Amino acid sequence: MDHDLTLDGRTAIVTGAANGLGRAEALALAQAGAAVVLNDLAGPGVHAVADEITAVGGRAVACDGDVGAWTTGEAMLAAALGTFGGLDIVVNNTGVLRDRMVFTMSPQEWDLVLRVHLRGHFIGTRLATAYWRDQSKRAGGPVYGRIINTSSEAFLLGSAGQPNYAAAKAGITALTVTTARSCAKYGVRANAICPRARTSMTADLLGAAPAGGADPLAPEHVAPLVTYLAGPAGEAINGEVFVVHGGVAAVMDPPRVRTVFRTADASMWTLDSVAEAIGPAFTGDGSAAGFACEDTLSLASETIGSVAAPREAARPGRDVGSRSRRVSPGRTQGSARDQRPGRVPAPGDHVLRDERRADHVLDLPQVAEGAQPRARSAHFLPDRGRRGVLRPAGRPRARCGQADR
Ligand SMILES: NC(=O)c1ccc[n+]([C@@H]2O[C@H](COP(=O)([O-])OP(=O)(O)OC[C@H]3O[C@@H](n4cnc5c(N)ncnc54)[C@H](O)[C@@H]3O)[C@@H](O)[C@H]2O)c1
């Protein structure tokens, strides 16, 4: 393995490591040479993953407990320092869903999701950065620290049925950027991923893997980017947000100023001058969310299948933009006004919802028929609303396999 890609001698914490993406990321980090501290809720799952790693010569310990509890964070850090002598990498991954519209969501559903995602990410970040800052001060210079946080396209889009989840993921993204800015001088690099994968979280939405061949939505296809960001080569990447699934990774642009409004005579705003300056720019029916980013939906078609047709809506200061349309099997959503031209599911279409549930329904002809993504050449394409799209030169890598270092 190339020296810049190896994690030999590094120690990583991975939360939510018993299943899905966390398990795949833990196996990949261990395969790259890292010793891993694995967290998940108490139960056999996280211990089984640790056993899977140690059975093939890797180094792993399980540290179970609620990731939203401060004591769990302290125990993970203590396990890393006590068992492996240090901490270099934190992969905050744990997640849970309690989907409901904002007008029916209970405070408990809100609190649980915010606790597991946002507080969980905070605790892992808080303890690790304090440790690295202290190490840096002792060393008199930067040390090695990597944080990979787990956000979601649900935040980018403003997923209608997931106000708790989208808000938590927005918070995680902001936490990532804050950490990147405040801790770079200590040697810390913090980045976030918005993954897509067929896991227990998305099982009822994405369905079963295609029979035969590699599954383009296997969590193993997300793990290589996480491992790369965790490695020495990740030194140059900080405060970024990647959408990643299958053989596609898009690095997102930060929000940008779209239009600047000013008073006519450089005076302060009055109600009348607001109406005069801003009013003419917003002439639509107001039913679409202006801040939502839907650019990554087109990427979904590369590993998932075709995405339901975009809806057009005008944004001030910008040409007509796109809005995605929610389409369910055999029916369409919204008022007659919302029924825009585009692809409408026909009988027999493979239609299902994505992880954001309430916003989109994707159809999966490729996946359902077991077809694999076509070979792609390596390139980096600047594009509106996302900084670039990265694709591997061939088909997405196959499963990472066992941690057989
Ligand atoms: N699967 C996707 O398509 C997708 C898309 C976007 C974002 N994500 C994010 O990726 C992360 C992993 O999701 P996944 O799809 O692998 O889900 P998953 O359900 O397969 O795994 C989540 C893990 O977190 C654990 N967990 C839940 N609550 C916990 C707690 N309080 N303390 C410790 N562990 C806890 C679960 O036991 C489980 O092992 C989540 O943050 C999720 O929001 C996933």
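Residues numbered from 1 in each chain as written. Predicted model: local features only at pLDDT ≥ 70, side-chain atom pairs only at ≥ 80, totals over all residues.

Colleague: In this structure, what is going on with the overall build of the chain? I would like to understand it.
Modeller: Tallying secondary structure elements over the chain gives 11 helices and 16 strands in all. Considering only intrachain contacts with a sequence separation of at least 6, the fraction spanning at least 24 residues in the chain is 68%. (Helix = DSSP H or I, 4+ residues; strand = E, 2+ residues; numbered from the N terminus. Contact = placed C-beta atoms within 7 Å.)

Colleague: What should I look at first to understand the site of the ligand in this one?
Modeller: Around the ligand sit 28 residues in total, of which G16, G20, G95, T199 and M201 are the nearest. Elements represented by at least two residues in the shell around the ligand include exactly helix 1 (20–31) and strand 6 (188–195). Top contributing element to the shell around the ligand by residue count: helix 1, with three residues. Counted by class, the shell around the ligand contains 10 nonpolar, 14 polar and four charged residues. (Near = placed C-beta within 6 Å. Nonpolar A, V, L, I, M, F, W, Y, C, P; charged D, E, K, R; others polar.)

Colleague: In this structure, what is going on with helix 4 (residues 107–139)? I would like to understand it.
Modeller: Each α-helix winds once per 3.6 residues, and so residues spaced three or four apart point in a common direction. Between its first and last C-alpha atoms helix 4 spans 45 Å; for 33 residues at 1.5 Å apiece the expected length is 48 Å, and the two agree. At R115, helix 4 is deflected by roughly 35°, the largest bend along its length. Directly after helix 4, the chain includes G140, whose backbone phi takes a positive value near 75°. (Expected span 1.5 Å × (residues − 1). Bend = angle between axes of the 7 residues up to and from the residue.)

Colleague: Hey, could you run me through helix 1 in this one?
Modeller: Between its first and last C-alpha atoms helix 1 spans 17 Å; for 12 residues at 1.5 Å apiece the expected length is 16 Å, and the two agree. The buried count for helix 1 comes to 12 of 12 residues, which makes it a mostly enclosed element. Within the sequence span of helix 1, burial applies to G20, L21, G22, R23, A24, E25, A26, L27, A28, L29, A30 and Q31. In the segment just after helix 1, G33 is the residue with positive phi, at about 115°. (Buried ≥ 20, exposed ≤ 12 C-beta atoms within 10 Å, placed from the backbone.)

Colleague: Can you walk me through the pairing of strand 5 (residues 145–150) in this structure?
Modeller: Burial runs high along strand 5: six of the six residues are buried. Neither face of strand 5 is open: one carries G145, I147 and N149, the other R146, I148 and T150, and all of them are buried. Taken together, the three bridges between strand 4 (residues 89–91) and strand 5 define a ladder with parallel strand orientation. Across the sheet, I89 pairs through a bridge with R146, a residue of strand 5. Between the parallel pair strand 4 and strand 5, the chain is carried across by helix 4, and the sense of this crossover is right-handed. In terms of strand pairing, strand 5 meets strand 6 through six bridges, oriented parallel. Looking at the pairing, I147 lines up with A190 of strand 6. (Pairing = 2+ DSSP bridges. Right-handed = clockwise from strand over helix to strand, strands pointing away.)

Colleague: Explain the pairing of strand 1 (residues 11–14) here, please?
Modeller: In summary, the side chains of a regular strand alternate between the two faces of the sheet. Of the two faces of strand 1, the one carrying T11 and I13 and the one carrying A12 and V14 are both buried. As paired strands, strand 1 and strand 2 (residues 35–38) are joined by four bridges and run parallel to one another. Its bridge partner being in strand 2, T11 is matched across the sheet by A35. In the classification by handedness, the crossover that spans strand 1, the intervening helix 1 and the parallel strand 2 is right-handed. Judged from the three bridges that link them, strand 1 and strand 4 form a sheet pairing that is parallel. Within strand 4, the residue paired with I13 across the bridge is V90.

Colleague: How should I be thinking about the nonpolar core in this particular structure?
Modeller: Burial of nonpolar side chains together is a common tendency in soluble globular proteins. Grouped together as the largest cluster of nonpolar side chains are 81 residues, with contacts concentrated most on L29, V36, L38 and V226. Residues in contact with L29, not counting those within four places in the same chain, are L7, A12, V14, A34, V36, T227 and A230. (Core = buried A, V, L, I, M, F, W, Y, C linked by C-beta atoms within 7 Å.)

Colleague: Hey, could you run me through the confidence of the model for the chain in this one?
Modeller: Note: predicted coordinates in regions of low pLDDT should not be interpreted at a detailed level. Per-residue confidence for the chain gives a mean pLDDT of 79, with 74% of residues at or over 70. Here strand 15 (residues 379–380) is the element of the chain with the lowest mean pLDDT, 21, and strand 4 is the one with the highest, 99. Across residues 392–405, confidence stays below pLDDT 50; counting only partners more than four residues off in sequence or on other chains, it has 42 contacts. (pLDDT = per-residue confidence, 0-100.)

Colleague: Explanation requested: the packing of helix 1 against helix 8 (residues 223–230) in the structure shown.
Modeller: Any two packed helices are characterised by how steeply their axes cross, that is the angle between the axes, and by the distance between the axes. For the pair helix 1 and helix 8, the least separation of the axes is 9 Å and the interaxial angle reads 50°. As summarised for this structure, helix 1 and helix 8 are arranged oblique, according to the angle between their axes. The crossing of helix 1 and helix 8 is right-handed. From helix 1, A24, E25, A28 and L29 reach across to helix 8, where they touch A223, P224, V226, T227 and A230. Residues that form the contact of helix 1 with helix 8 fall into these classes: seven nonpolar, one polar and one charged. (Axes fitted to C-alpha atoms, helices over the stretch in contact; angles between N-to-C directions. Parallel < 35°, antiparallel > 145°, perpendicular 65-115°, else oblique. Left-handed = near helix turned anticlockwise from the far one by under 90°.)

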